Amino acid sequence: MRILVDADACPVKGIIVRVARERGIPVTMLTDTAHEINDGYSTVVTVDTQADSVDFALMGLLCREDIVVTQDYGLAAMALGKGAKALNQNGLIYTNENMDRLLMERHLSAKARRGGKRTKGPSKRTAEDNERFEAAFIGML
């Protein structure tokens, strides 16, 4: 088992590294050239800034039973299809049961934005978000 992180905008990298290090689990952070990561523990894979480059690289590394941390529903769906586990930075565990709804909500929001409507952005991150993520992450391990 490894932990693969879609790390470009991931606010919980520190939690992931701390928990993984305590348990001796390898972590691979995937990022594009616009970001720099050096946490002293993770393997860092840097890809170009083309759309979905991190997603493609992550899927190329992914094995069954790995854990993926991502905000991207599409990437999470592909990870589940490959037999991996996935969760987001707020502790939402992606499952085959909730994926259709999440993808449909994403589609409807994108459609509304294309039609000129505004959609609500993410709330400001809180300590409770970090606690929820850590609990879900440890439970998944």
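Use the structure listed above.
The model shown is predicted, which means the values in this text are computed figures rather than measured ones.

**Observations regarding the sheet that holds strand β4 (residues 67–69)**
Next, step 1: Spatial ordering of the open sheet is given by β3-β2-β1-β4-β5-β6, a layout of six strands whose pairing is mixed. Strands with a single pairing partner mark the edges of an open sheet, and in this sheet they are β3 (43–47) and β6 (93–94).
Next, step 2: As judged from the three bridges shared by strand β1 (residues 3–6) and β4, these two strands associate in the parallel manner. Bridging from a neighbouring strand, V5 pairs with V69 of β4.
Next, step 3: Against the sheet, helix α2 (residues 53–61) makes contact with β1, β2 (27–32), β3 and β4, and its axis sits at roughly 155° relative to β2, the strand it touches most.
Next, step 4: Contacts between helix α5 (residues 127–140) and the sheet are confined to β1, β4, β5 (85–87) and β6, with β5 contributing the most and set at about 175° to the helix.

**A closer look at the nonpolar core**
Next, step 1: In terms of nonpolar packing, the biggest core is built from 21 residues, with I3, V5, I16, V69, L87, F133 and F137 touching the most fellow members.
Next, step 2: For this core, the elements supplying multiple residues, two or more each, are β1, α1 (13–23), β2, β4 and α5.
Next, step 3: Counting residues per element, this core draws most heavily on α1, at five residues.
Next, step 4: With near-sequence residues (within four places) excluded, F137 lies in contact with I3, I16, V19, I67 and L87.
Next, step 5: Core analysis: the second largest hydrophobic core is formed by 17 residues, L30, V68, A79 and Y94 among them.

**Some remarks on the pairing of β1**
Next, step 1: Because side chains alternate across β1, one face comprises the buried residues I3 and V5, and the other comprises L4 and D6, equally buried.
Next, step 2: As paired strands, β1 and β2 are joined by four bridges and run parallel to one another. Note that in β2 the partner of I3 across the bridge is V27.

Parameters and conventions
- Residues numbered from 1 in each chain as written.
- Predicted model: local features only at pLDDT ≥ 70, side-chain atom pairs only at ≥ 80, totals over all residues.
- Heavy atoms only, no water.
- Pairing = 2+ DSSP bridges.
- Helix = DSSP H or I, 4+ residues; strand = E, 2+ residues; numbered from the N terminus.
- Contact = heavy atoms within 4.5 Å.
- Axes fitted to C-alpha atoms, helices over the stretch in contact; angles between N-to-C directions.
- Core = buried A, V, L, I, M, F, W, Y, C linked by side-chain atoms within 4.5 Å.
- Buried < 20%, exposed > 50% of the residue type's maximum accessible area, 1.4 Å probe, protein only.

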